Amino acid sequence: MENGRILICKTIFGSKLYGTDTPASDTDYKSVFLPTPMEILTGKIPKSINLTTGKQNERNSEHDVDHESFSLHYFMQLLYQGQTVALDMLHGDQ
């Protein structure tokens, strides 16, 4: 990952995880990262970071990739709350 953050795990997500993808489906990833020491010291840890190759206000094509990455502490909160996104990530392909 960039900016000194360490990627812990990355999994396919969305329609490709659930087996409902079509030839026109984009690719979605979810991941978990360790924040930088500076983010920890200053208390400015982002909950999540979103990256996309798609254009704003347009539907994604089969060539587009969406990647959402959760900070470790936020991912653990999602697990504790029983959020489906976190539970699915635990059982996804890595």
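All of these numbers come straight from a predicted model, not from anything done at the bench.

A.B. asks: Mind showing me how you'd approach the side chain of Asp 26 here?
C.D. replies: Along the polypeptide, Asp 26 turns up in the loop between α1 (15-18) and β2 (27-34). The charged side chain of Asp 26 is buried without a salt bridge, its nearest counter-charge being Lys 16 at 7.0 Å. Reaching out from Asp 26, the side chain makes a polar contact with the side chain of Asn 60 at a distance of 2.9 Å. Other than its neighbours up to four places away in sequence, Asp 26 contacts Lys 16, Asn 60, Ser 61, Glu 62, Asp 64 and Asp 66.

A.B. asks: Even after reading the chapter, I still don't get helix α4 (residues 84-91), so can you show me in this structure?
C.D. replies: Since the α-helix advances by 3.6 residues per turn, residues separated by three or four positions end up pointing in the same direction. Of the positions making up α4, those classed as buried are Ala 86, Asp 88 and Met 89. Buried residues of α4, seen end-on, are gathered within an arc of 165° and therefore sit on one face of the element. Residues of α4 that are exposed and angled more than 90 degrees away from the buried face: Thr 84 and His 91.

A.B. asks: Even after reading the chapter, I still don't get the packing of aromatic side chains, so can you show me in this structure?
C.D. replies: A ring pair, where both rings are aromatic, is described by two values, the distance of the centres and the angle of the planes. One pass over the structure, following the stated rule, counts 2 aromatic pairs. With a centroid separation of 6.0 Å and 70° between ring planes, the pair formed by Phe 13 and Tyr 18 is classed as edge-to-face. Under the relative-accessibility criterion, Phe 13 is labelled buried at 10%. Of note, Lys 10 hangs over the ring of Tyr 29, and the distance from its end group to the ring centre comes to 4.4 Å.

A.B. asks: What should I look at first to understand the confidence of the model for the chain in this one?
C.D. replies: If pLDDT is low for a region, its predicted coordinates should not be looked at in detail. Predicted confidence across the chain gives a mean pLDDT of 90, with 96% of residues reaching 70 or more. Looking at the elements of the chain, mean pLDDT is at its lowest for α1, recorded as 89, and at its highest for helix α3 (residues 72-81), recorded as 96.

Thresholds, definitions, all that
Residues numbered from 1 in each chain as written. Predicted model: local features only at pLDDT ≥ 70, side-chain atom pairs only at ≥ 80, totals over all residues. Heavy atoms only, no water. Helix = DSSP H or I, 4+ residues; strand = E, 2+ residues; numbered from the N terminus. Buried < 20%, exposed > 50% of the residue type's maximum accessible area, 1.4 Å probe, protein only. Lys, Arg positive; Asp, Glu negative; His and termini not counted. Salt bridge = Lys/Arg side-chain N within 4 Å of Asp/Glu carboxyl O. Polar contact = N/O pair within 3.5 Å; in protein donor to acceptor, adjacent residues only side chain to side chain. Contact = heavy atoms within 4.5 Å. Arc of directions from axis to C-beta. Phe/Tyr/Trp six-rings, centres within 6.5 Å; stacked < 30°, edge-to-face > 60°. Lys NZ or Arg CZ within 6 Å of the ring centre and 35° of its normal. pLDDT = per-residue confidence, 0-100.

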